[in-house]
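# Understanding the architecture of this molecule
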Amino acid sequence: MSKKEELMESIVELEEEKVYKLVKQLLEEKNDAQEIIDILRKAVEIVGEKFNEKEYFLSELVMAGEIFQQSAKIIEPALKVDIVKEKTKGVIVVGTVKGDVHDIGKNIFVTLLKSAGFEVYDLGVDISPEVFVSKVKETNANVVGYSGLLTIALEAMKQTTEALIAAGLRDTLKIIIGGLPADEMWMKEAGADAFTDNAFEGLKIVKSWLEVR
Ligand code: B12
């Protein structure tokens, strides 16, 4: 098995230390840094699929995201550019809406988006409509993702969309909502375009909007 194949396998198997060792070796052997990133991205996607098919647990998806982020840190100097921005396919602003501080699921969605090459602005938790509006304006985002697990999050999502409409930004934006309670009723009430309670499904929806494979 080549080192590149070994790298792919060790990420999917979540062998953290082996991954970092292989990444360093491949860089030392002057392999193309972008190619290594592509292997990482592909591997995280495979882990996401395994999670989707219930072969992997949530903790394993989180772990794969962590491995991706740590490996990216090792590779970044070799690329001399921000790897996430370099492969940008679209700009996405994500946050947990006002009044809600649950962020485990949001963080998984953000990791998947980054590993797929999107430019992502993670606003954090308890984010007011005004903060969403100003970040969308500043970044010219194509997509906004609201996360929320509390019942009261629905009202905050609604207010955020209203603020985006008032700022004249809604027409050029797609909005996706996520979190355990997200369903069609929430989507309609929140004035969003899509909903999901599955981060991997969310990634697929965003990819379809931005017409990437
Ligand atoms: C962990 C947890 C906490 C942790 C949060 C830690 C953290 N950093 O997030 C702590 C302890 C802080 C917490 C606090 C509270 N919690 Co809490 N908490 C939970 C718990 C047990 C798990 C949530 C979780 O992380 N699930 C795992 C993640 C991975 O799942 P997920 O969020 O759904 O995310 C997935 C998808 O939905 C999707 N996704 C998520 N976001 C997004 C966004 C987008 C755009 C996309 C595309 C996808 C996506 O991706 C993920 C992976 O597929 C739930 C119970 C439950 N069954 O959900 C209660 C729960 C959500 N909490 C609840 C409550 C009541 C509270 C508190 C009010 C408790 C209190 N009295 O203080 C506070 C609220 C604080 C606040 N203002 O937000 C209630 C909500 C009830 C309700 N209907 O409103 C729940 C349902 C528990 C219950 N059964 O009563 N909580």
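Residues numbered from 1 in each chain as written. Predicted model: local features only at pLDDT ≥ 70, side-chain atom pairs only at ≥ 80, totals over all residues. Heavy atoms only, no water.

If you tally the helices and strands in the protein, you get 10 helices and 5 strands. In summary, the protein has a C-alpha radius of gyration of 18 Å against a globular reference of 17 Å for 213 residues, a match within 12%. Residues classed as buried in the protein amount to 50% of the 213 residues present. Considering only contacts within the protein whose residues lie at least 6 apart along the sequence, 69% involve residues at least 24 apart. Summed over its atoms, the accessible surface of the protein is roughly 10,500 Å², and 52% of this surface lies on carbon and sulfur atoms. (Helix = DSSP H or I, 4+ residues; strand = E, 2+ residues; numbered from the N terminus. Rg over C-alpha atoms; globule rule 2.2 N^0.38 Å. Buried < 20%, exposed > 50% of the residue type's maximum accessible area, 1.4 Å probe, protein only. Contact = heavy atoms within 4.5 Å. Areas by Shrake-Rupley, 256 points an atom, 1.4 Å probe, with all protein chains shown as cover.)

All right, on to the packing of aromatic side chains then. For the structure shown, the criterion picks out 1 aromatic pair. Ring plane angle 75° and centroid distance 5.4 Å describe the contact between Phe132 and Tyr146, whose orientation is recorded as edge-to-face. Here the residue Phe132 occupies a position in helix H7 (residues 129–139), and Tyr146 occupies one in strand S3 (residues 143–147), the gap between them amounting to 14 residues. On the accessibility criterion, Phe132 (0% relative accessible area) is buried. Judged by its relative accessible area of 2%, Tyr146 falls in the buried class. (Phe/Tyr/Trp six-rings, centres within 6.5 Å; stacked < 30°, edge-to-face > 60°.)

Let us look at the environment of Thr160. Relative to the elements of secondary structure, Thr160 occurs in helix H8 (residues 153–166). For Thr160, a relative accessible area of 0% puts it in the buried group. Counting along the chain gives 130 residues from Thr160 to Lys30, while the straight-line C-alpha distance between them is 47 Å. Not counting residues up to four positions away in its chain, the partners in contact with Thr160 are Val97, Pro129, Phe132 and Tyr146. Within the structure, the side chain of Thr160 is placed 2.7 Å from the backbone oxygen of Ala156, a separation counted as a polar contact. (Polar contact = N/O pair within 3.5 Å; in protein donor to acceptor, adjacent residues only side chain to side chain.)

Here we take up helix H6 (residues 104–115). The first and last C-alpha atoms of H6 sit 17 Å apart over 12 residues, in line with the 16 Å expected at 1.5 Å per residue. Among the residues making up H6, those that are buried are Lys106, Ile108, Phe109, Val110, Thr111, Leu112, Leu113 and Ser115. Positive phi shows up at Gly117, right after H6, with a value of about 100°. (Expected span 1.5 Å × (residues − 1).)

Right, let's get into the coordination of the cobalt atom of the ligand. Looking at the protein side alone, the cobalt atom of the ligand has one donor only, His102 (NE2), at 2.2 Å. Positionally, His102 belongs in the loop between strand S1 (91–96) and H6. (Donors = N, O, S within 2.8 Å, 3.2 Å for Na, K, Ca; no water.)

Attention shifts here to the confidence of the model for the protein. Mean pLDDT over the protein: 90, with 94% of residues reaching 70 or higher. Counted against residues more than four places away or in other chains, residues 81–86, with its pLDDT under 50, gives 15 contacts. (pLDDT = per-residue confidence, 0-100.)

Before going further, it helps to spend a moment on the domain arrangement of the protein. In many reports, interface size means the accessible area that the parts give up when they come together. Domain boundaries assigned for the protein yield domain 1 (3–80) and domain 2 (88–209). Centre-to-centre separation of domain 1 and domain 2, based on C-alpha positions: 26 Å. Listed by partner, the interface residues are 12 residues for domain 1 and 11 residues for domain 2. Taking both partners together, domain 1 and domain 2 bury about 1,000 Å²; carbon and sulfur atoms supply 66% of that area. Three residues, Arg41, Glu45 and Asn52, lead the burial of domain 1 against domain 2; their summed loss comes to 38% of the area buried on that side. Connecting domain 1 to domain 2 are 1 salt bridge. Within the residue set of the side of domain 1 that touches domain 2, elements represented by two or more residues are helix H3 (33–52) and helix H4 (58–79). (Domains from an automatic or database assignment. Buried area = accessible area lost by both parts, 1.4 Å probe. Salt bridge = Lys/Arg side-chain N within 4 Å of Asp/Glu carboxyl O.)

This model, assessed by the stated rule, comprises 10 salt bridges. A salt bridge links Glu35 to Lys4; its shortest N-O distance comes to 2.8 Å. Of this pair, Glu35 sits in helix H3 while Lys4 sits in helix H1 (residues 3–12), and the two are 31 residues apart along the sequence. Assessed through its relative accessible area of 34%, Glu35 is described here as partly exposed.

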